[in-house]
Amino acid sequence: MLVFSSLSFWMREAGVERASIGFFSWVTLAYGLKWIWAPVIDRTQVPVLGRILGRRRGWLLLCQFCLIFAIGLMAMTDPQQQLFQMAIAAILVAFCSATQDIVIDAFRIESGSQEQQAAMAASYMVGYRLAIIMATAGTLFIAAQIQTIEGYDYASWQIAYIIMAGMMFVGITATLCSPEPPSNLESKISHSDRNIWQKFIHTFITPVLDLVVRYRWHAIVLLVLVCTYRISDIVMGVMANVFYVDMGYSKLEIAQISKIYGVIMTLVGAFFAGGLINRFGILKILLAGALLSAATNILFILLSQASHNLSLLTLVISVDNLSAGIAMAALIAFLSSLTSKEFTATQYAWLSSAMLLLPKFLGGFSGVWMDSLGYSQFFTMTALLGIPTILAILYLMKTKWHA
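Residues numbered from 1 in each chain as written. Predicted model: local features only at pLDDT ≥ 70, side-chain atom pairs only at ≥ 80, totals over all residues. Heavy atoms only, no water.

Draft legend 1. Focus on the overall build of the chain. When helices and strands are counted, the chain shows 19 helices and zero strands. Relative to a compact globule of 403 residues, whose C-alpha radius of gyration would be 22 Å, the chain shows 21 Å and is just as compact. Overall, the C-alpha framework of the chain stretches about 65 × 50 × 35 Å when taken along its three principal axes. Partitioning the contacts of the chain with sequence separation of at least 6, the portion at a separation of at least 24 is 83%. Distance from the positive charge centre (24 side chains) to the negative charge centre (20 side chains) of the chain: 10 Å. (Helix = DSSP H or I, 4+ residues; strand = E, 2+ residues; numbered from the N terminus. Rg over C-alpha atoms; globule rule 2.2 N^0.38 Å. Contact = heavy atoms within 4.5 Å. Lys, Arg positive; Asp, Glu negative; His and termini not counted. Charge placed at Lys NZ, Arg CZ, Asp CG, Glu CD.)

Draft legend 2. Local environment of the nonpolar core. Residues Y244, L286 and F334 are the most contacted members of the largest nonpolar core, which totals 128 residues. When residues of this core are assigned to their parent elements, the largest contribution, 15 residues, is made by helix α15 (residues 310-338). (Core = buried A, V, L, I, M, F, W, Y, C linked by side-chain atoms within 4.5 Å. Buried < 20%, exposed > 50% of the residue type's maximum accessible area, 1.4 Å probe, protein only.)

Draft legend 3. Inspection of the environment of M76 at higher detail. Checked against the element boundaries, M76 lands in the loop between α5 (55-75) and α6 (83-110). Classification of M76 as partly exposed rests on a relative accessible area of 46%. Expressed as a C-alpha distance, the spacing of M76 and Y161, which sit 85 residues apart in the sequence, is 8.8 Å.

Draft legend 4. Quick look at the side chain of T339. Among the secondary structure elements, T339 is positioned in the loop between α15 and α16 (344-363). Side-chain polar atoms of T339 contact the backbone oxygen of S336, separated by 2.9 Å. Ignoring any residue separated from it by four or fewer positions in sequence, one finds T339 in contact with I109, R214, T344, Q347, Y348 and L351. (Polar contact = N/O pair within 3.5 Å; in protein donor to acceptor, adjacent residues only side chain to side chain.)

Draft legend 5. Quick peek at empty space enclosed by the protein. For the coordinates displayed, the defined rule picks out four cavities of 30 Å³ or more. In this model, the largest cavity occupies a volume close to 110 Å³. Lining the largest cavity are 13 residues, and of these D233, S293, S323, A324 and A327 lie nearest its centre. The leading source of residues in the lining of the largest cavity is α15, at five residues. Of the pockets and cavities examined, the second largest cavity occupies roughly 50 Å³. Residue lining of the second largest cavity: Y229, S232, D233, A290, S293, G386 and T389, and that is the complete set. Elements with a contribution of two residues or more to the lining of the second largest cavity: α12 (231-246) and α14 (282-304). By residue class, the composition of the lining of the second largest cavity is two nonpolar, four polar and one charged. (1 Å grid on protein atoms, 1.4 Å probe; cavity = no way out; pocket = protein on both sides within 12 Å on 5 of 7 lines; lining within 4 Å. Points joined across faces, edges and corners; volume = space filled by probe spheres on them. Nonpolar A, V, L, I, M, F, W, Y, C, P; charged D, E, K, R; others polar.)

Draft legend 6. Spatial organisation of the pattern of salt bridges. Scanning the entire structure with this criterion turns up twelve salt bridges. Between R56 and D42 there is a salt bridge; the shortest N-O distance is 2.9 Å. A residue pair is termed long-range when its members are at least 10 positions apart, and R56 in helix α5 and D42 in helix α3 (residues 38-43) qualify at 14 residues. R57 is the salt-bridge partner of E180, the closest N and O atoms lying 3.9 Å from each other. Linking E180 in the loop between α8 (154-177) and α9 (185-188) with R57 in helix α5, this pair joins segments that are 123 residues apart in sequence. Residue class for R57 comes out buried when judged on its relative accessible area of 11%. Three or more residues are tied together by salt bridges with common partners; here these are R12, R18, D246 and D371. (Salt bridge = Lys/Arg side-chain N within 4 Å of Asp/Glu carboxyl O.)

Draft legend 7. Seen up close, the packing of aromatic side chains. Counted by the stated rule, this structure contains 21 aromatic pairs. When the centroid spacing of 5.4 Å and the interplanar angle of 85° are considered together, the rings of W26 and F365 count as edge-to-face. Of this pair, W26 sits in the loop between α2 (18-24) and α3 while F365 sits in the loop between α16 and α17 (366-373), and the two are 339 residues apart along the sequence. For W26, a relative accessible area of 29% corresponds to the partly exposed category. Their ring planes at 80° and their centres at 5.4 Å tell us that F361 and F365 sit as a pair that is edge-to-face. Taking relative accessible area as the criterion, F365 reaches 25% and is therefore assigned partly exposed. (Phe/Tyr/Trp six-rings, centres within 6.5 Å; stacked < 30°, edge-to-face > 60°.)

These values are about where atoms sit, not about what they do.
Now the structure itself:
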């Protein structure tokens, strides 16, 4: 969120054009490309740290220290004067964060049985969404409280991002206190007599073929579902904070509403998602999440046509966070159920990358679309982008597919 949501608010306050902010969101393509280096993370361990902490925790600790440095670098950069340098710092944050995602997804999946994955995904979502609230509402709240001058105040954003860098020590503490999951590293490392081509096949091709062989012709529908599930949410989300700024809402108003109602609704969605999946099945909850995401975008149309209305803003943010909590918990459990234990990190990285790559790419054009369409038509378009997802889920339900 520090290179996506909060940064877009920061840049818009600094006077950066909407089209530039939209294209700037392409730094988050790192999350859609992490499959490229996921096999390396999956099959190696960090020297020294890996021997002391284990394969997964060693990589986690390295990523977290790198993130402290990279977020601090963002804090030292003023986008009003140094937009290119900010892009470099943001790319570094995104790369380190995407690498941490690879490790923590494998850590989570390997730490529990198949029956525990829905509950673990819901628990993961609680922490993940709380971190999102901290990185969005928390950043805006800190910047608003520190701000001493009218209009744009770089110093307030600088301090807010330094504090966010310090928040990484929460993750570091968790890494040091957590148990290392059972390791099957030896079975994943290629034997010394394998040539480079065989290693390449086993590292990059075999995990994908494993998915195709297991799911056969359903793999195409699953790919459509995974690639489109978050399109509406992400394309709209690039412009969400820009929209709030243009509508005249202050950092403090957005922070307070997100921090109170956003947290409550996110926790409600994430907590209930695990139980709902166990009771109704994962596809039905995936469908509910997709429908809720589309409905949220329709609410943004109402917000764009209203004057400064905090009650309506509260409703929109609450429903948005509720739908996000349900949808993401269901999607994480769904992706986890598709992976095999032999290729945990690599397959999950492939799937989660596919989930983000198309939405993040399209999100880069959101500023251009916003300028040409206007808010109402833009939000209508983002709602309609969810139709392929709904059709894919309905097809899987009709054919009685299961992982």
